[in-house]
Amino acid sequence: MFSGQQVLAARDLLVVQVAPLSGPQGVTGRAIGAGARLYFDHINASGGVNGTPIRFVSRDDGQNPETTVRLVRESLEREAPVAFVGSVGTNNVEALVRDGSLARSGTPLVGAVSGASSVTGKPSIFIVKAGYRAEIGRLFQQLGQIGQKRVGLVFQKDALGDDVLAGADAEAGKWGIELVARAGYERNSTKVEAAVEAMLKANPASIFLGATTLAAVEFVRQYRERGGFATIYGLSIIDSQVLLDKLGPDVARGFAFSVVVPPESKAVLPLVREYAKLKAQGRHPDLGARSMEGFIAAKALVTALRKGAASGPEAGKAVAAIRKLDLGGYSLDFSAADRTGSTYVDFAMLGRGGQIVQ
């Protein structure tokens, strides 16, 4: 699987992404990887990290946890990468935690794409955004304050959904929220028909989608086609640009979503301006709404590597030592073992003509 050329570059700093590049979650894996590559390419064009180039490789796990573990193990054994970036999925990251290879090697996974409490703060796992519980807490607070207290939950039937349900149960009572319906769909699929039926029957004022991107697209499509009019709020992992592209501005209008990394519309932030400038120069086809997360992960990792880290264990220690790191209006801090590196949560909505309204 690994060519001689891949194992060859001892002078390179090898960074590996193991993530879905195909299947329903491929859109997320490719977008995260494109964001990371955008920043790594910029660093290489500027002379590398302390004069050493970064070699970034993405490998497809199809969002199969066993494949994720196998590819990470093989990379650790054969290549000794300095870090992993942007693995996608709570079940996949949980599998890496259970396997223990990352923890034993000391090699960091930076920007793991999960906000579940089951993986937060685990050895070698670094999450660069707020957790799902923080998203749910802020959303339920907002819904309670505006009087939209009858809420339906749509969730993926896996560890992601378990965390969403646990968070919703924990937060509902605080804000007077009534969870009037819960409906799941099968992991790594877009089979949401039963969930659509359940929400139409319960008729909540708001629906929270603890779903992945393509499942969310299909839910919104079917629910609106059948006359559902509740306000739909999506978890931050849903790629709002993909949803807009696939549904069109009329059907997508009114879709609201959590924002846990700065959106491209927030050009007041230096981080966003830097990203926009590099994006305009690079024109990578897989860059999307989720790519900022990969960009942030890459930027944080490079900060750690600049401390002189040249191996997985050294990089792991350098990432863990990050405190109050300002990336340009967005800060990371890995000092607290019981939470993710950021607590930033905001909300946005797709408005007229697909414009993002905050």
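In the annotation of an unreviewed UniProt entry, the protein is listed under the name Amino acid-binding protein and assigned to Azonexus hydrophilus. Recorded in UniProt under Sequence similarities (unreviewed entry), the annotation for the protein is "Belongs to the leucine-binding protein family."

Visitor: So what's going on with the packing of aromatic side chains? Which residues, and what values?
Guide: Scanning the model with the defined rule gives seven aromatic pairs in all. Ring plane angle 80° and centroid distance 5.1 Å describe the contact between Tyr 275 and Phe 295, whose orientation is recorded as edge-to-face. Linking Tyr 275 in helix 11 (residues 270-282) with Phe 295 in helix 12 (residues 291-305), this pair joins segments that are 20 residues apart in sequence. By relative accessible area, Tyr 275 is classed as buried at 1%.

Visitor: Which residues make up the packing of helix 2 (residues 26-45) against helix 12, and what values do they have?
Guide: Their axes nearest at 6 Å, the elements helix 2 and helix 12 cross at an angle of 40°. Relative to helix 12, the element helix 2 lies oblique. In this structure, helix 2 meets helix 12 at a crossing whose hand is right-handed. Counted together, Ala 31, Ile 32, Ala 34, Gly 35, Ala 36, Leu 38, Tyr 39, Phe 40 and Ile 43 of helix 2 and Ser 291, Glu 293, Gly 294, Phe 295, Ala 298, Lys 299, Leu 301 and Val 302 of helix 12 form the full contact between these two elements. When the residues that make up the contact of helix 2 with helix 12 are grouped by side-chain class, the tally is 12 nonpolar, three polar and two charged.

Visitor: Explain the pairing of strand 9 (residues 231-234) residue by residue, including any values.
Guide: Bridge count for strand 8 (residues 206-210) against strand 9 is four bridges, and the pairing is parallel. Directly across from Leu 209, in strand 9, lies its bridge partner Gly 234. Regarding the hand of the β-α-β motif, the stretch spanning strand 8, helix 9 (residues 213-225) and strand 9 is right-handed. In terms of strand pairing, strand 9 meets strand 10 (residues 256-259) through two bridges, oriented parallel.

Visitor: Now, about the sheet that holds strand 14 (residues 356-357): what can you tell me, with residues and values included?
Guide: Reading across the sheet, the seven strands line up as 7-6-8-9-10-13-14 and stay open at both edges, with mixed pairing between neighbours. Of all strands in the sheet, those with a lone pairing partner are strand 7 (178-186) and strand 14, marking the two edges. Packed onto the sheet, helix 8 (residues 193-202) meets strand 6 (150-157), strand 7 and strand 8 and runs at close to 165° relative to strand 7.

Visitor: Kindly report on the domain arrangement of the protein, identifying the contributing residues and their values.
Guide: Along its sequence, the protein is organised into domain 1 (13-130 + 267-332) and domain 2 (132-259). Placing a centre on the C-alpha atoms of domain 1 and another on those of domain 2 gives a separation of 27 Å. With 22 residues of domain 1 in contact, the opposing surface of domain 2 contributes 21 residues. Seen at the junction of domain 1 and domain 2, the total is zero salt bridges. In this structure, the connection of domain 1 to domain 2 is made through eight residue pairs in polar contact (both at pLDDT 80 or more). When residues of the side of domain 1 that touches domain 2 are traced back to their parent elements, those giving at least two are helix 2 and helix 4 (90-99). Counting residues per element, the side of domain 1 that touches domain 2 draws most heavily on helix 4, which supplies four residues. Grouping the constituent residues of the side of domain 1 that touches domain 2 by class yields eight nonpolar, 11 polar and three charged.

Cut-offs used in this document
- Residues numbered from 1 in each chain as written.
- Predicted model: local features only at pLDDT ≥ 70, side-chain atom pairs only at ≥ 80, totals over all residues.
- Heavy atoms only, no water.
- UniProt positions renumbered as here; feature names shortened; annotations may be inferred.
- Phe/Tyr/Trp six-rings, centres within 6.5 Å; stacked < 30°, edge-to-face > 60°.
- Helix = DSSP H or I, 4+ residues; strand = E, 2+ residues; numbered from the N terminus.
- Buried < 20%, exposed > 50% of the residue type's maximum accessible area, 1.4 Å probe, protein only.
- Axes fitted to C-alpha atoms, helices over the stretch in contact; angles between N-to-C directions.
- Parallel < 35°, antiparallel > 145°, perpendicular 65-115°, else oblique.
- Left-handed = near helix turned anticlockwise from the far one by under 90°.
- Contact = heavy atoms within 4.5 Å.
- Nonpolar A, V, L, I, M, F, W, Y, C, P; charged D, E, K, R; others polar.
- Pairing = 2+ DSSP bridges.
- Right-handed = clockwise from strand over helix to strand, strands pointing away.
- Domains from an automatic or database assignment.
- Salt bridge = Lys/Arg side-chain N within 4 Å of Asp/Glu carboxyl O.
- Polar contact = N/O pair within 3.5 Å; in protein donor to acceptor, adjacent residues only side chain to side chain.

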